[in-house]
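Here are the chains, one letter per residue:
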Amino acid sequence: MIMQNMPIDVARLGTCLVVVPAEVRVNPETGEVRRDRDGNTLYVVGIAVRQKDRRRADVIEVVVPEEPRGIAEGMPVHLNNLVATAWNIGDRSGVSFRASGVVPAAPGAPPGPASSPPNRGKGGSGGDS
């Protein structure tokens with residue numbers, strides 16, 4: 001298994017909107033709630049991201065170590081400490097996304113880092129994302 005963590009410059013992203021509200025992340029085989037190394041329950045949030053000067057939007061699932069508060073479907077948000085992790089397991093590969101938090105964007109605020117808590121751990125994805 002090969003994994004590489006890449007911090008994402010959220011200031012370069014355009015609009016980020018919640019398209020799927022936060023759900024507890026569970027193991028699909030066992031139904032067990034997933035937790036990070038610190039024992040925090042992991043949540044997954046669907047985010048539509050449209051880069052500046054591009055028409056097309058992509059939807060990404062972002063894992064966060066605590067339940068986001070004050071967000072709802074269709075709401076603009078900021079992603080704190082967003083990291084992409086490229087992974088490869090056997091003949092499967094992909095990219096997963098993790099953030100330290102998903103917070104409501106201030107009305108009229110430009111995309112970019114909101115006041116974000118310090119990074120937990122060493123910038124890794126932690127847990128089993």
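Higher on the page you've got the structure.
So, how was this worked out
- Residues numbered from 1 in each chain as written.
- Predicted model: local features only at pLDDT ≥ 70, side-chain atom pairs only at ≥ 80, totals over all residues.
- Heavy atoms only, no water.
- Pairing = 2+ DSSP bridges.
- Helix = DSSP H or I, 4+ residues; strand = E, 2+ residues; numbered from the N terminus.
- Salt bridge = Lys/Arg side-chain N within 4 Å of Asp/Glu carboxyl O.
- Buried < 20%, exposed > 50% of the residue type's maximum accessible area, 1.4 Å probe, protein only.

Chemist: I'm lost on the pairing of strand 4 (residues 57-64) in this one. Help?
Modeler: The side chains of a regular strand alternate, first on one face of the sheet and then on the other. Strand direction decides the pairing type here: strand 3 (residues 43-50) and strand 4, joined by eight bridges, are antiparallel. What sits directly across from Arg 50, in strand 4, is Ala 57. In this structure, the hairpin formed by strand 3 and strand 4 is closed by a connection of six residues, where Asp 53 is found at a positive phi of approximately 65°. When strand 4 meets strand 7 (residues 92-98), the two strands line up parallel, connected through two bridges. Across the sheet, residue Val 62 finds its bridge partner in strand 7, namely Phe 97.

Chemist: Before we go on, may I ask you to explain the pattern of salt bridges in this structure?
Modeler: Between side chains of opposite charge, pairing is possible as soon as their charged atoms come close. Tallied over the full model, the rule gives three salt bridges. Of the charged contacts, one joins Arg 98 and Asp 36 as a salt bridge, the two residues approaching to 3.6 Å between their closest N and O atoms. Of this pair, Arg 98 sits in strand 7 while Asp 36 sits in the loop between strand 2 (15-24) and strand 3, placing them 62 residues apart in sequence. On the basis of relative accessibility, which here comes to 10%, the residue Arg 98 falls in the buried class.

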